[in-house]
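Next come the chains, spelled out residue by residue.
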Amino acid sequence: MQCDDCIQRERSWQKQVHGDVRQAQGRSRRPSRVQQLVRRPQGVTLSIVVVTAAISLIAMIVSPITDLLAFQGEVAIFQPWRLITAALLHGGIMHLALNMLALWMLGPALEQAMGKLPFIATYIVTALAGSVAVPLLGSNSWVVGASGAIFGLFGVYIGLQRVVGKVDMSLLVIVGINLAYGFFVSGVAWQAHVGGLIAGFIIGFGGALLAGKRTDGKRAKGLWSAIGLTAVVSLALWGVWLFIRL
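In this text the structure is predicted, and so the values were computed from the model without any measurement. (Residues numbered from 1 in each chain as written. Predicted model: local features only at pLDDT ≥ 70, side-chain atom pairs only at ≥ 80, totals over all residues. Heavy atoms only, no water.)

K.L.:
So what's going on with the confidence of the model for the chain? Residues and values would help.
P.N.:
Of all residues in the chain, 80% attain a pLDDT of 70 or more, and the chain-wide mean is 86. Confidence, expressed as mean pLDDT per element, reaches its minimum in the chain at helix α1 (residues 4-29) with 52 and its maximum at helix α6 (residues 82-85) with 98. (pLDDT = per-residue confidence, 0-100. Helix = DSSP H or I, 4+ residues; strand = E, 2+ residues; numbered from the N terminus.)

See the structure below:
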């Protein structure tokens with residue numbers, strides 16, 4: 001037997017407990033601003049633009065950041081993070097603006113077609129391949145910029161189009177002009193452009209070829225296989241260069 005006051009207090013306590021549980025569940029399910037940003041259709045592309053622009057602009061003011069993150073083959077032997085972090089730096093406002101504009105033009109469509117994780121993996125792997133190509137093709141210069149990754153995205157586009165059907169000639173012209181520009185203008189790391197472009201083409205062509213007409217799950221596996229293969233080849237070439245140097 002319970003008194004009426006006891007029953008009322010128990011019901012009030014139960015309502016409070018259930019209310020707290022629902023409130024906690026609501027808080028746990030509410031995504032953070034970062035999650036909301038990344039989940040947008042172009043979220044990963046926008047995140048890369050924001051992070052790259054922020055670090056590049058800060059590094060233009062605080063020079064030790066450039067000293068820590070820029071790529072140079074001999075230095076990167078003992079500081080391998082530079083193979084990737086050089087893509088976060090740029091040589092000036094114009095360099096940064098042109099690369100981020102190209103990324104914003106190319107990124108969203110590829111992000112949607114490939115998926116967010118494969119897209120960001122592709123960006124990182126093509127940046128890696130671009131850096132590896134610099135000393136491999138005979139340059140000992142310091143390198144900054146996301147151009148290797150940008151050319152990598154161009155390569156993915158070309159590779160995907162080559163498998164699906166006819167390659168857009170206007171795209172080939174744009175890539176050709178920008179690639180040739182690096183050969184005739186001093187201070188441009190054309191080696192990174194070539195390395196990124198080849199890596200991107202392997203990912204796009206290989207990913208589409210391995211995917212074929214398979215289901216979504218197997219198509220993703222084909223794409224990841226191409227990304228993984230490109231990463232392994234890039235690291236293997238870096239290892240060959242290290243062996244030669246050491």
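K.L.:
I'd like a rundown of helix α9 (residues 147-164), residues and numbers included.
P.N.:
Taking 1.5 Å of rise per residue, the 18 residues of α9 would be expected to cover 26 Å, and the 26 Å separating its terminal C-alpha atoms lies within 8% of that figure. Turning to α9, its buried residues are Ser147, Gly148, Ala149, Ile150, Phe151, Gly152, Leu153, Phe154, Gly155, Val156, Ile158 and Gly159. Lining the buried residues of α9 we find α7 (93-114), α8 (116-136), α10 (169-184) and α11 (190-211). (Expected span 1.5 Å × (residues − 1). Buried < 20%, exposed > 50% of the residue type's maximum accessible area, 1.4 Å probe, protein only. Contact = heavy atoms within 4.5 Å.)

K.L.:
Give me the pattern of salt bridges: which residues, what numbers.
P.N.:
In this structure the tally under the stated criterion is 2 salt bridges. In this structure, the salt-bridge partner of Glu74 is Arg245, at a minimum N-O distance of 2.2 Å. With Glu74 in helix α5 (residues 73-76) and Arg245 in helix α12 (residues 216-245), this residue pair connects regions lying 171 residues apart in the sequence. The exposure class assigned to Glu74 is partly exposed, which follows from its relative accessible area of 27%. (Salt bridge = Lys/Arg side-chain N within 4 Å of Asp/Glu carboxyl O.)

K.L.:
Give me the lowdown on the packing of aromatic side chains, citing residues and values where you can.
P.N.:
Under the counting rule described, the total for this entry stands at 5 aromatic pairs. Plain terms: the ring middles of Phe71 and Trp238 are 6.2 Å apart, the flat faces sit at 55 degrees to each other, and that makes the pair tilted. With Phe71 in the loop between α4 (63-69) and α5 and Trp238 in helix α12, this pair connects stretches of sequence that are 167 residues apart. The class for Phe71 is buried, based on a relative accessible area of 0%. Owing to a relative accessible area of 7%, Trp238 belongs among the buried residues under this scheme. (Phe/Tyr/Trp six-rings, centres within 6.5 Å; stacked < 30°, edge-to-face > 60°.)

K.L.:
Can you explain the packing of α9 against α11? Please cite residues and give values.
P.N.:
At a minimum axis distance of 6 Å, the contact between α9 and α11 shows a crossing angle of 35 degrees. Here α9 and α11 pass one another in a crossing that is right-handed. From α9, Ser147, Gly148, Phe151, Gly152, Phe154, Gly155, Val156, Ile158, Gly159, Leu160, Arg162 and Val163 reach across to α11, where they touch Ala192, His193, Gly196, Leu197, Gly200, Phe201, Ile203, Gly204, Phe205, Ala208 and Leu209. Taken together, the residues of the contact of α9 with α11 sort by class into 13 nonpolar, 9 polar and 1 charged. (Axes fitted to C-alpha atoms, helices over the stretch in contact; angles between N-to-C directions. Left-handed = near helix turned anticlockwise from the far one by under 90°. Nonpolar A, V, L, I, M, F, W, Y, C, P; charged D, E, K, R; others polar.)

K.L.:
Requested: an account of the packing of α9 against α10, with residues and values cited.
P.N.:
Between α9 and α10, whose axes approach to 11 Å, the crossing angle comes to 150 degrees. On the basis of their axis angle, the class for α9 and α10 is roughly antiparallel. Crossing handedness for the pair α9 and α10: left-handed. Contacts between α9 and α10 pair Phe151, Phe154, Tyr157, Ile158 and Gln161 from the former with Leu171, Leu172, Ile174, Val175, Asn178 and Leu179 from the latter. Broken down by class, the residue content of the contact of α9 with α10 amounts to 9 nonpolar, 2 polar and no charged. (Parallel < 35°, antiparallel > 145°, perpendicular 65-115°, else oblique.)

K.L.:
Pulling in residues and values, what's your account of the nonpolar core?
P.N.:
One finds Leu103 and Phe119 to be the most contacted residues of the largest nonpolar core, which totals 34 residues. Elements with a contribution of two residues or more to this core: α3 (43-61), α7, α8, α9, α10, α11 and α12. Setting aside anything within four residues of it in sequence, one finds Leu103 in contact with Thr45, Ile48, Val49, Pro108, Phe119, Tyr123, Ile150 and Leu153. Core analysis: the next-biggest nonpolar cluster, separate from the first, contains 14 residues, Ala189, Ala192, Trp241 and Leu242 among them. (Core = buried A, V, L, I, M, F, W, Y, C linked by side-chain atoms within 4.5 Å.)

K.L.:
I'd like a rundown of the environment of Arg82, residues and numbers included.
P.N.:
Tracing the backbone through its elements, the reader meets Arg82 in helix α6. Taking the C-alpha atoms as reference, Arg82 lies 7.7 Å from Gln72; in sequence the two are 10 residues apart. Every residue in contact with Arg82, bar those within four places of it in the chain, is listed here: Thr66, Asp67, Leu68, Leu69, Ala70, Phe71, Val75, Ala76, Ser131 and Trp142. Here the side chain of Arg82 touches Asp67 through a polar contact of 2.7 Å, landing on its backbone oxygen. Separated by 2.6 Å, the side chain of Arg82 and the backbone oxygen of Ala70 make a polar contact. (Polar contact = N/O pair within 3.5 Å; in protein donor to acceptor, adjacent residues only side chain to side chain.)

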